[in-house]
Amino acid sequence: MFPLNLQTAFIVEEVSKIIKESVEAAIGGNAYQHSRVNQWSTSVVEQCLSQLSKLGKPFKYIVTCIIMQKNGAGLQTASTCFWDNSTDGSCAVRWENKSMYCIVSVFGLAI
Amino acid sequence: MSDVAKDKSQKREKRTGKVSSEGSHGVKGNTRTKDSISTVSCLTELGHHDENIRMTVTMENTYQMGPHKRFPVPAVTDILKDVLVSYLQEEKYEVEWSQKMTKTICEVIRARVKDLMIPRYKTVVLVHIGQLNGQSMQMSSRCLWDASNDTFASYSFKNSSLFGVATVYAVYYE
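Quantities reported herein were computed from a predicted structural model and do not represent experimental measurements.

Undergrad: Mind showing me how you'd approach helix α2 (residues 34-54) of chain A here?
TA: Note: α-helices contain 3.6 residues per turn, so residues at a spacing of three or four share the same orientation. Under the 1.5 Å per step criterion, the end-to-end length of α2 of chain A is 31 Å for 21 residues, consistent within 8% with the ideal 30 Å. Regarding α2 of chain A, the residues found buried are Val37, Trp40, Ser41, Val44, Val45, Cys48, Leu49 and Leu52 of chain A. Around the axis of α2 of chain A, the buried residues are gathered within 155 degrees of arc, so they sit on the same side. Exposed side of α2 of chain A, more than 90 degrees from the buried face: Ser35 and Lys54 of chain A are the residues found there. Where the residues of α2 of chain A are buried, they touch α1 (12-27), β1 (59-69) and β4 (100-110) of chain A together with β4 (137-144) of chain B. Following α2 of chain A by one or two positions, Gly56 of chain A has its phi on the positive side, about 75 degrees.

Written out as structure tokens, the structure is:
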């Protein structure tokens, strides 16, 4: 039995590192501002996506980002996937600072 | 002679590796910086877990240029609307209930999209249920895929105490 080729596998640690870096770069240290949140969320997602495509792996990616103001409100998120378990994977990173939450999830589907 | 024959038969062997499985998110690691905290969670499998390491599967050529049957976005949007309205109408936001409900709605939507029997499409279903508390939020997503074959469907629902958003991404498996 041969192990899965590392060059073409979805590696969670690598992806989560990319996500954390993108989030920190885009919104780290900022307080929630309604007027800027659209631009922040776009930049988080686009940065994630460009870093992921630089990995050069044969994957299609779906990146979602939720930025929510801290207000005591609750939020539940769930996802379920119909795919090939041996080749596809996902990773979710939850980031927060004093004024907002940011949840980024990345799904990688092998082609 | 026999070696060549063996090679040929190996090349002709066709294997499909599609396994559907349930997943739930489990927390993996925490890091703390001066004024922000980040948590990483990754997919954990609830259903049958393959203990053996899988071989990389090489597929044969199908010579198919695109999907024979495209993903029906309006039909799926109707499914999402139907499921969200029936499960969330007249409900109030409560923590444990909404935790179970997000997972249930996810499973129901995935089952109904599977029933549509669209071949060669992988699907990802996301459901968010949140409390309405006067807060502001932004949800966005970007995808790196083949825009001619892959698509998504989304629906959002709101009542007096909660909101629910469901999204289905459909990715063509070449």
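Undergrad: What should I look at first to understand unusual backbone geometry in this one?
TA: Only a minority of non-glycine residues have a phi that is not negative, and only a minority of peptide bonds are not trans. All names here are of chain B. In the Ramachandran plot, Glu90 falls in the positive-phi region, its phi being about 60 degrees despite a non-glycine side chain. Within the secondary structure, Glu90 sits in the loop between α2 (73-88) and α3 (95-115). Notably, Met117 is not glycine yet its phi reads approximately 55 degrees, a positive angle. You can see Met117 is positioned in the loop between α3 and β3 (121-131).

Undergrad: Teacher, can you tell me more about the confidence of the model for chain B here?
TA: The predicted coordinates of low-pLDDT regions are not to be read in fine detail. Residue and element names in this part refer to chain B. Mean pLDDT over chain B stands at 77; residues scoring 70 or higher make up 71%. Counting contacts from residues 1-25, a segment whose pLDDT is below 50, to residues more than four positions away or on other chains yields 45 contacts. Taken as a whole, residues 45-53 scores under 50 in pLDDT and shows 12 contacts with residues more than four places along the chain or in a different chain. Across the interface, the model reports ipTM at 0.84; the global pTM reads 0.77.

Cut-off values and rules
- Residues numbered from 1 in each chain as written.
- Chains lettered and ligands numbered in written order.
- Predicted model: local features only at pLDDT ≥ 70, side-chain atom pairs only at ≥ 80, totals over all residues.
- Heavy atoms only, no water.
- Helix = DSSP H or I, 4+ residues; strand = E, 2+ residues; numbered from the N terminus.
- Expected span 1.5 Å × (residues − 1).
- Buried < 20%, exposed > 50% of the residue type's maximum accessible area, 1.4 Å probe, protein only.
- Arc of directions from axis to C-beta.
- Contact = heavy atoms within 4.5 Å.
- pLDDT = per-residue confidence, 0-100.

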